[in-house]
Amino acid sequence: LAQSLFALFASSLAISLVFAIIPLCHNVVVLAVVMAVAGLAMGCIDTISNMQLVKIYQKDSAIFLQALHFFVGFGALLSPLIADPFLSDTNCILSNSTANASSNLPHIRKSLVPHHPGNLSHYDLPMKGMVVTRVSYAFWIMALINLPVPIAVFFLLYKERMVPCFNSSSHPLLSADELAMETQPAEKDDLPTAVQRPHAAGGHDDLFSCCQSKNFRGASYTYFAVHITGALVLFMTDGIVGEYSGFIYSYAVEEPLSVVHKVAGYLPSLFWGFITLGRLISIPVSYRMKPATMVFINVVGVLITFLLLLIFSYSVVFLFVGTASLGLFLSSTFPSMLAYTEDILQYKGCATTVLVTGAGIGEMVLQLLVGSIIHDQGSYSFLVCGMIFGGLAFTFYAFLLFFHRMYPKPSSDMDDASPDKPAVMDDTGQYQR
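Residues numbered from 1 in each chain as written. Predicted model: local features only at pLDDT ≥ 70, side-chain atom pairs only at ≥ 80, totals over all residues. Heavy atoms only, no water.

Draft legend 1. Spotlight on the environment of F19. Tracing the sequence through the fold places F19 in helix α1 (residues 2-21). When the C-alpha atoms of F19 and M142 are compared, they prove to be 6.9 Å apart, with 123 residues separating the residues in sequence. The residues contacting F19, other than those within four sequence positions of it, are M42, F139, W140, M142 and A143. (Helix = DSSP H or I, 4+ residues; strand = E, 2+ residues; numbered from the N terminus. Contact = heavy atoms within 4.5 Å.)

Encoded structure:
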């Protein structure tokens, strides 16, 4: 736990520093390095926060994961609104030809949207002059908004007496015994305290314990199959989130829809807005509904939505309806899949790392793939790609259900009381009584 909190502290502090430095980067190589550091920090936060919620709350983790990803979507929705007032409506560089260049901007944007860019040589855009953009303020504001996060993590480290240089005289926020009692359902209160303590603390042995080869010895093929199929589902669904939010504007402004640019600009915001709304709704829903059922509804909903978008591809109204529907169905897929897979694998935290990595790779790769396909085949291929990815997500989920049925269940009678019980009992024989 201390390793995780220190990593969260360093990563969240690095993000504030990166956002403060970005406006000062006047070289593209330096900017690329700074952005790589930001990506590394965000990846650490994403993996560790999901993994620790799973380890601490276990069967109750679905609710907390939904809450975590609600704030992810809320941040994605809020950040563009903070940056928008600082974006220039005209060219960011003043020169004698600025007036003419500014009036040409809508035409230039229209020429850049089709998959075969038009001839832009007759447009005069100044490359030298006085820079008048205020976008730097947006980065600095985001850096300040993020700054309370590392401060809060450091305060948690201090309260939990995990900072070597500071010896807090106050009591920890939650003792190990209290945490063990909090994470156990009510019907399991009759378990011996000696059983509960190692179970609660076992999730904090080592940050990289799930990567050790000894954990793979004697594992059945279904153990690896559950990891792989779960990661492939998130590869597809998170990839859809990335490619849809990235290219829906370009699809809308092109023929046959030819939506006005300003109206089309609302589509990504609508998409992220309904992702945020869906995650908020999923917090109470996940308390009543099993994660496996939620994932099934999500992947089927994504598939049906893309099918209807293809059928009504000439309808602007349905494009907005379909975008909202897609956002709702995709909203809870990641946290629900995380909770479902970890439930199969006894809440060791290893699956979380694999699934987060698979989702991140999907978000990166599918955007590149769809972008190149749209460039070669035209805008209609955008929906066709989404339909294919949705079908693959459903197929991989069907395989996951199959491997779940094949996966060996713990043989202990106390399995229902403690998902990690077989591993604990193997290591310590005293719990056999």
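Draft legend 2. Representation of the packing of helix α3 (residues 61-83) against helix α5 (residues 135-146). For the pair α3 and α5, interaxial distance at closest approach is 9 Å and the crossing angle is 135°. When the axis of α3 is compared with that of α5, the two are oblique. Our pair here, α3 against α5, has a crossing hand that is right-handed. The residues of α5 that touch α3, namely those facing S79, I82 and A83, are A138, I141, M142 and I145. A class-by-class count of the residues in the contact of α3 with α5 yields 6 nonpolar, 1 polar and no charged. (Axes fitted to C-alpha atoms, helices over the stretch in contact; angles between N-to-C directions. Parallel < 35°, antiparallel > 145°, perpendicular 65-115°, else oblique. Left-handed = near helix turned anticlockwise from the far one by under 90°. Nonpolar A, V, L, I, M, F, W, Y, C, P; charged D, E, K, R; others polar.)

Draft legend 3. The arrangement of helix α6 (residues 148-159) in detail. Between its terminal C-alpha atoms α6 stretches 16 Å, which fits the 16 Å expected from 12 residues at 1.5 Å a residue. Within the sequence span of α6, burial applies to P150, V153, L157 and K159. Of the residues trailing α6, R161 is marked for its positive phi of about 60°. (Expected span 1.5 Å × (residues − 1). Buried < 20%, exposed > 50% of the residue type's maximum accessible area, 1.4 Å probe, protein only.)

Draft legend 4. Fine view of unusual backbone geometry. P256 follows E255 through a cis peptide bond whose omega is 10°. Structurally, the position occupied by P256 is in the loop between α9 (221-253) and α10 (261-264). Its identity is not glycine, yet S258 carries a phi of approximately 50°, on the positive side. With respect to the helices and strands, the residue S258 is situated in the loop between α9 and α10.

Draft legend 5. Spatial organisation of the side chain of S245. Of note, S245 is situated in helix α9. Among the polar contacts listed, one links the side chain of S245 to the backbone oxygen of G242, at a separation of 3.2 Å. For S245, the residues in contact, after removing those within four places along its chain, are I240, P268, F271 and W272. (Polar contact = N/O pair within 3.5 Å; in protein donor to acceptor, adjacent residues only side chain to side chain.)

Draft legend 6. View of the nonpolar core. Core analysis: the largest hydrophobic core is formed by 62 residues, its most contacted members being Y244, F271, F306, L319, M337, F382 and Y397. Looking at which domains feed residues into this core, each of domain 1 (1-90 + 132-163) and domain 2 (221-409) gives three or more. The contacts of F306, once residues within four sequence positions are left out, are I240, E243, Y244, L326, L383, G386 and M387. (Core = buried A, V, L, I, M, F, W, Y, C linked by side-chain atoms within 4.5 Å. Domains from an automatic or database assignment.)

Draft legend 7. The packing of aromatic side chains, seen in detail. One pass over the full model with this rule turns up 17 aromatic pairs. Aromatic side chains Y57 and F64 sit 3.9 Å apart centroid to centroid with 15° between the ring planes, which places their arrangement in the stacked category. Taking 6.4 Å as the distance between ring centres and 85° as the angle between the ring planes, the aromatic pair formed by Y221 and F403 counts as edge-to-face. Here F403 lies in helix α16 (residues 381-406) and Y221 lies in helix α9, a separation of 182 residues in the sequence. Every member of this aromatic cluster is reached through a ring pair, and the members are Y244, Y251, F271, W272, F306 and F382. (Phe/Tyr/Trp six-rings, centres within 6.5 Å; stacked < 30°, edge-to-face > 60°.)

Draft legend 8. Structural view of the packing of helix α2 (residues 28-57) against helix α15 (residues 350-377). Between α2 and α15, the shortest axis-to-axis distance is 9 Å and the interhelical angle comes to 145°. α15 is crossed by α2, and the crossing has right-handed handedness. Taking contact as the criterion, the partners of D46, T47, N50, M51 and V54 in α2 are, on α15, T352, T353 and V356. Residue composition of the contact of α2 with α15, by class: 3 nonpolar, 4 polar and 1 charged.

Draft legend 9. Structural view of helix α14 (residues 333-344). Compared with an ideal rise of 1.5 Å per residue, which puts 12 residues at 16 Å, α14 spans 16 Å between its outermost C-alpha atoms and is within 8% of the ideal. Buried residues dominate α14, accounting for 11 of its 12 residues. The set of residues buried in α14 consists of T333, F334, P335, S336, M337, L338, A339, Y340, T341, E342 and I344.

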